[in-house]
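This is what each chain is made of:
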Amino acid sequence: MNEDRIKGNWKQFKGKLQEQWGKLTDDDFDVIDGKRKQMLGKIQERQGVAQDEAEKQLDAWQKRNPDFYWDE
């Protein structure tokens, strides 16, 4: 997948991610930059949950938003 498409996808869904995890800041999203691993770490940090809970939450969000794809 080309880089422009990845960036566009990230911009489109960033707002939806912020609705779900309101404690994440714009700076957090700059660090995450569409990468799943970084998103999991920020969910753990900001929401105060364990890794397995962060993965569960993120997987549930992904199922509700199947058009979103993560940058590796």
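Residues numbered from 1 in each chain as written. Predicted model: local features only at pLDDT ≥ 70, side-chain atom pairs only at ≥ 80, totals over all residues. Heavy atoms only, no water.

- In the annotation of an unreviewed UniProt entry, the protein chain is listed under the name CsbD-like domain-containing protein and assigned to Comamonas brasiliensis.
- Per its UniProt entry, the protein chain bears the Sequence similarities (unreviewed entry) comment "Belongs to the UPF0337 (CsbD) family." (UniProt positions renumbered as here; feature names shortened; annotations may be inferred.)

## Some points on the overall build of the protein chain
- Tallying secondary structure elements over the protein chain gives four helices and zero strands in all.
- In sequence order, the protein chain lays out its α and β elements as α-α-α-α.
- Here the C-alpha atoms of the protein chain give a radius of gyration of 11 Å, agreeing with the 11 Å that 2.2 N^0.38 yields for 72 residues.
- With the principal axes as the frame, the protein chain shows a C-alpha extent of 35 × 25 × 20 Å.
- Looking at the protein chain as a whole, 31% of its 72 residues are labelled buried.
- Within the protein chain, counting contacts between residues at least 6 apart in sequence, those at least 24 apart form 43% of the total.
- Accessible surface for the protein chain amounts to roughly 4800 Å². Of this, 43% is attributable to carbon and sulfur atoms.
- Averaging the locations of the 14 positively and 16 negatively charged side chains of the protein chain gives two centres separated by 2 Å. (Helix = DSSP H or I, 4+ residues; strand = E, 2+ residues; numbered from the N terminus. Rg over C-alpha atoms; globule rule 2.2 N^0.38 Å. Buried < 20%, exposed > 50% of the residue type's maximum accessible area, 1.4 Å probe, protein only. Contact = heavy atoms within 4.5 Å. Areas by Shrake-Rupley, 256 points an atom, 1.4 Å probe, with all protein chains shown as cover. Lys, Arg positive; Asp, Glu negative; His and termini not counted. Charge placed at Lys NZ, Arg CZ, Asp CG, Glu CD.)

## Thoughts on the pattern of salt bridges
- What the rule picks out here adds up to seven salt bridges.
- For the salt bridge of Arg-36 with Asp-59, the shortest nitrogen-to-oxygen distance reads 2.4 Å. With Arg-36 in helix α3 (residues 36-47) and Asp-59 in helix α4 (residues 51-64), this pair connects stretches of sequence that are 23 residues apart.
- Arg-36 gets classed as partly exposed once you look at its relative accessible area, which sits at 27%. (Salt bridge = Lys/Arg side-chain N within 4 Å of Asp/Glu carboxyl O.)

## Here we look at α3
- Relative to the 16 Å expected for 12 residues at 1.5 Å per residue, α3 spans 16 Å between its end C-alpha atoms, a close match to the ideal helical length.
- Along α3, the residues classified as buried are Met-39, Leu-40, Lys-42 and Ile-43. Within α3, the buried residues cover an arc of 165 degrees as seen down the axis, which keeps them to one side.
- Remark: Gly-48 follows α3 within two positions and exhibits a positive phi of approximately 70 degrees. (Expected span 1.5 Å × (residues − 1). Arc of directions from axis to C-beta.)

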